[in-house]
Amino acid sequence: MASNLWSEDQFSCSLCLELLNDPVAIPCGHSYCMGCIKICWDQTDHTGVYSCPQCRETFTPRPVLRRNTMLAEVVEKLKKTVLNPPPAQSYAGLGDVPCDFCTGRKFKAVKSCLTCLASYCETHVMSHSEVTTLKRHKLINAIGDLEQKLCDEHQRVLEVFCRTDQACICWLCTQNKHKSHDTVSAEAERSVKQVRLEETQTEIQQRIQERLKDVEELKQAVGSLKRSACIEIKESEKIFTELIRYIEKIHTEVIELIGANEKAAVNQAEGRMKKLEQEIAELRRRNAELKQLSETEDHIHFLQNFQSLCAPPEAGDLPSVTVNTDISFEAVRKAVSELKDHIEDFCKGELVKITTTVNEVAVYSLQAPEPRNRAEFLQYSCQLTLDPNTVHRNLCLSEGNRKVTWRRETQRYTDHPERFDSWPQGLCREGLSGTCCYWEIEWSGGWPDIGLTYKGISRKGGDRSCRLGFNDKSWSLSCSDSSYTARHNNNETAITAPHSPRIGVYLDFNAGTLSFYGVSDTMTLLHRFQTTFTEPLYPGFRLWVYDSTVTICQLN
């Protein structure tokens, strides 16, 4: 009797077209799955206006959703008495793999056969355990797009991975086109790449924890800033009350200054927190995708999606964060008290001091993140050329003034005040300042000095005021086959590191860092200078051995 009164369509959600799940009735009377209407309204949160997908009636504010218990009971009874699907089976929904052998409305597949290239529900998969010839077939948890598991050329199942071509192939491919290639089973290659996947997951998880820590520290700093600002505003008001006859205008300016800096600092920090939370959400999404890929039993699916999902996470464009946890406006109170004692004679001077002190209060400080691999360093690559007016007369330029060689023969250079006349040195044309720069140097023949200097370095004579690294105007790295020496202002640091014929130089002018790296498959930090640069820096070189060369590499 119930089947005559009830139909499935009467109790279906108009959004997902499935039977109502956790049904809710909104104010206009229409019913939906709680999850469906929530997703629908989440998409219009930014407008503040919510509407019924059927009748378009609008509601403001967003209605509170509560489960309709009576309707839920009716739906459950409908499932049992009318639809009565087979036990432990459910119909295929959005995102599910449907059974290839069900007619009409299809049940959700539980297994896929890599031999049959078909997917089966619990009922139809039973033949694979009952029929002798089917028992030898390989079953895996249900997956879609089984056609992608076939070789386009031979229409056979992909079971082998070619490391030479980084492609999934079938066994017939190993006998012809890939005969001499390095091939392994898909399972073996999966085990190798699984390790890399887990390393990427670990890195992402560490990044999530770091960003969560940054968010928490910023929240605490903002709270401290607000409390301190509130206290100091009240204290300042007490002091300014006694001085109201003299500093009515100044009083207002100081209060507005503190409030404006508090608001600016809070807005800046909250904007930063929002970006951090967005990055965390993206990292979590990425981690979820990697987890899903890691758990799949389908090696081919794993290998086909590995390259796109397992690329190292980008560094992100947010600079690193140093949170100021010791926020206080006590210096402001002290400055205001001093202003009280000297208001008539020093009003203008003391106001400048107050303004400076308030502006120094910050929730966090920013600095550009240090590159972590050669690809990131290359983002800062710059083009350099040697200046013929600076090179010593025994240095021969070539390859568009990017290569310099020490020759016994004197070169025919014209006289110039910027030319080094004693030390076999030369400088580049380009002055570097105010940004991050990276370049690479190849050397051969023995013991070059690679460095940077202010333009004011001495050029004439043979004393240390002219030599790269031997004065306060220059920094250098001396290279040999087995060791290195870093120099500045005649101070030396001996460095033991593997021989590298290619040296990478990274300058972060604003941060005051100059770093030298040995370049190979990885970047090996040889030495880092930390200082404050006060004027543009010019890359330069010194050669010690006849026929030795230094070449500025082209990186683009």
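Let's talk about the overall build of the chain
Line of reasoning, step 1. Along its length, the chain carries ten helices and 25 strands.
Line of reasoning, step 2. Per-residue burial over the chain gives 42% buried out of 556 residues.
Line of reasoning, step 3. With the model as given, the accessible surface of the chain reaches about 30600 Å², and the carbon-plus-sulfur share is 49%.

Thoughts on the sheet that holds strand 6 (residues 118-120)
Line of reasoning, step 1. The three strands lie next to each other as 6-5-7, forming an open sheet whose pairing is antiparallel. Since the sheet does not close on itself, it has two edges, and those belong to strand 6 and strand 7 (139-141), each with one partner. Pairwise comparison of adjacent strand axes, ignoring direction, gives a mean angle of 35 degrees for this sheet.
Line of reasoning, step 2. For strand 5 (residues 111-113) and strand 7, the ladder comprises three bridges, and the chain directions are antiparallel.

Focus on the side chain of S480
Line of reasoning, step 1. Within the secondary structure, S480 is located in the loop between strand 18 (474-479) and strand 19 (483-488).
Line of reasoning, step 2. Beyond its immediate stretch of four places on either side in the chain, S480 contacts W443, W447 and H499.

Some remarks on the pattern of salt bridges
Side-chain pairing between opposite charges can occur once the charged atoms of the two side chains come close.
Line of reasoning, step 1. Considering all chains together, one arrives at 26 salt bridges under this definition.
Line of reasoning, step 2. The salt bridge involving K193 is made with E189; its shortest N-O contact spans 2.4 Å. Here K193 pairs with E189, and both are found in helix 5 (residues 186-242), just four residues apart, close to one helical turn. We note that K193, like E189, is buried.
Line of reasoning, step 3. For E376, the salt bridge identified is with R372, shortest N-O distance 3.4 Å.
Line of reasoning, step 4. When its relative accessible area of 13% is taken as the criterion, E376 is described as buried.
Line of reasoning, step 5. Overall, R372 belongs to the partly exposed group, its relative accessible area being 45%.

Looking at the pairing of strand 19
Each regular strand carries side chains that alternate between the two faces of the sheet.
Line of reasoning, step 1. As paired elements, strand 18 and strand 19 share five bridges and run antiparallel to each other. Each residue of the ladder has a partner; that of W475, found in strand 19, is H488.
Line of reasoning, step 2. What sits between strand 18 and strand 19 in their antiparallel hairpin is a turn of three residues.
Line of reasoning, step 3. Strand direction decides the pairing type here: strand 19 and strand 20 (residues 491-496), joined by six bridges, are antiparallel. Bridge assignment links H488 to a residue of strand 20, and that residue is N491.
Line of reasoning, step 4. Where strand 19 hands over to strand 20, the hairpin turn is made up of two residues, of which N489 adopts a positive phi near 55 degrees.

Considering the nonpolar core
Line of reasoning, step 1. Judged by nonpolar contacts, the single largest core of 39 residues is most densely connected at W439, L477, I503 and L514.
Line of reasoning, step 2. Take this core: its biggest share by element is four residues, from strand 16 (residues 436-444).
Line of reasoning, step 3. L225, A265, A269 and L303 belong to the second largest nonpolar core, which has 33 residues in total.

A look at the environment of A511
Line of reasoning, step 1. When you line up the elements, A511 lands in the loop between strand 21 (502-508) and strand 22 (513-519).
Line of reasoning, step 2. Apart from the residues lying within four places of it in its own chain, the contact partners of A511 are Q530 and T531.

A few points about the confidence of the model for the chain
Line of reasoning, step 1. Averaged over every residue, the pLDDT of the chain is 85; the share at 70 or more is 88%.
Line of reasoning, step 2. Segment residues 1-5 is flagged for pLDDT under 50; beyond a separation of four residues in sequence, or across chains, it makes four contacts in the model.

What about the environment of K138?
Line of reasoning, step 1. Residue placement: K138 occurs in the loop between helix 4 (127-130) and strand 7.
Line of reasoning, step 2. The class for K138 is partly exposed, based on a relative accessible area of 47%.
Line of reasoning, step 3. Each C-alpha atom, one on K138 and one on L114, is 5.7 Å from the other, the two residues being 24 residues apart in sequence.
Line of reasoning, step 4. Every residue in contact with K138, bar those within four places of it in the chain, is listed here: S112, C113, L114 and T115.

Quick word on the environment of L17
Line of reasoning, step 1. Looking at the element boundaries, L17 is found in the loop between helix 1 (2-5) and strand 1 (23-25).
Line of reasoning, step 2. For L17, a relative accessible area of 63% corresponds to the exposed category.
Line of reasoning, step 3. Between the alpha carbons of L17 and G93 there is a distance of 9.6 Å; along the sequence they are 76 residues apart.

Let's talk about the pairing of strand 23 (residues 523-530)
Line of reasoning, step 1. Across seven bridges, the pairing between strand 22 and strand 23 is antiparallel. The residue of strand 23 that forms the bridge with V519 is M523.
Line of reasoning, step 2. Taken together, strand 22 and the strand that follows it, strand 23, pair antiparallel across an intervening segment of three residues.

Structural notes on the packing of helix 5 against helix 7 (residues 299-309)
Line of reasoning, step 1. Two elements in contact, helix 5 and helix 7, have axes whose closest approach is 10 Å; the angle formed by their N-to-C orientations is 45 degrees. As far as their axial angle goes, helix 7 and helix 5 are oblique. For the element pair helix 5 and helix 7, the recorded crossing hand is left-handed. Residues A186, E187, E189, R190, K193, Q194, R196 and L197 of helix 5 form the contact with helix 7, whose participating residues are H299, I300, F302, L303 and F306.
Line of reasoning, step 2. Grouping the amino acids of the contact of helix 5 with helix 7 by side-chain chemistry returns six nonpolar, two polar and five charged.

The rules we used
Each residue is numbered by its place in its chain's sequence as written, counting from 1. Local features are withheld for residues below a pLDDT of 70 in this predicted model, meaning they are given only at 70 or higher, and side-chain atom pairs are given and counted only at 80 or more; totals for whole chains, interfaces and linings count all residues. Hydrogen atoms and water are omitted, and side-chain values are computed over all heavy atoms in the structure. For helices the rule is a DSSP run of H or I covering at least 4 residues; for strands it is a run of E covering at least 2, with both sets numbered from the N terminus onward. The cut-offs for exposure are 20% and 50% of the maximum accessible area for each residue type, with area from a 1.4 Å probe on protein chains only; residues under the lower value are buried, those over the upper are exposed, and the others partly exposed. Computed with a 1.4 Å probe, the accessible areas rest on the Shrake-Rupley method; for each residue, only the protein chains presented here act as cover. At least two DSSP bridges between two strands are needed for those strands to be called paired. An axis is simply a line fitted to the C-alpha atoms; with a helix, the fit covers only the stretch in contact. Between two such axes, the angle follows the N-to-C directions and lies from 0 to 180 degrees. The contact criterion used throughout is that any non-hydrogen atoms of two residues lie within 4.5 Å. Here, a salt bridge means any side-chain nitrogen of Lys or Arg that lies within 4 Å of a carboxyl oxygen of Asp or Glu. Buried Ala, Val, Leu, Ile, Met, Phe, Trp, Tyr and Cys residues that are joined via side-chain atoms within 4.5 Å together make up what is termed a nonpolar core. Confidence of the predictor at the level of single residues is captured by pLDDT, which takes values from 0 to 100. Here the angle decides the label: under 35 degrees means roughly parallel, over 145 means roughly antiparallel, 65 to 115 means roughly perpendicular, and every other value means oblique. With the far helix as reference, a near helix turned anticlockwise by less than a right angle produces a left-handed crossing, and one turned clockwise produces a right-handed crossing. Nonpolar residues are Ala, Val, Leu, Ile, Met, Phe, Trp, Tyr, Cys and Pro. Charged residues are Asp, Glu, Lys and Arg, and all others, Gly as well, are polar.

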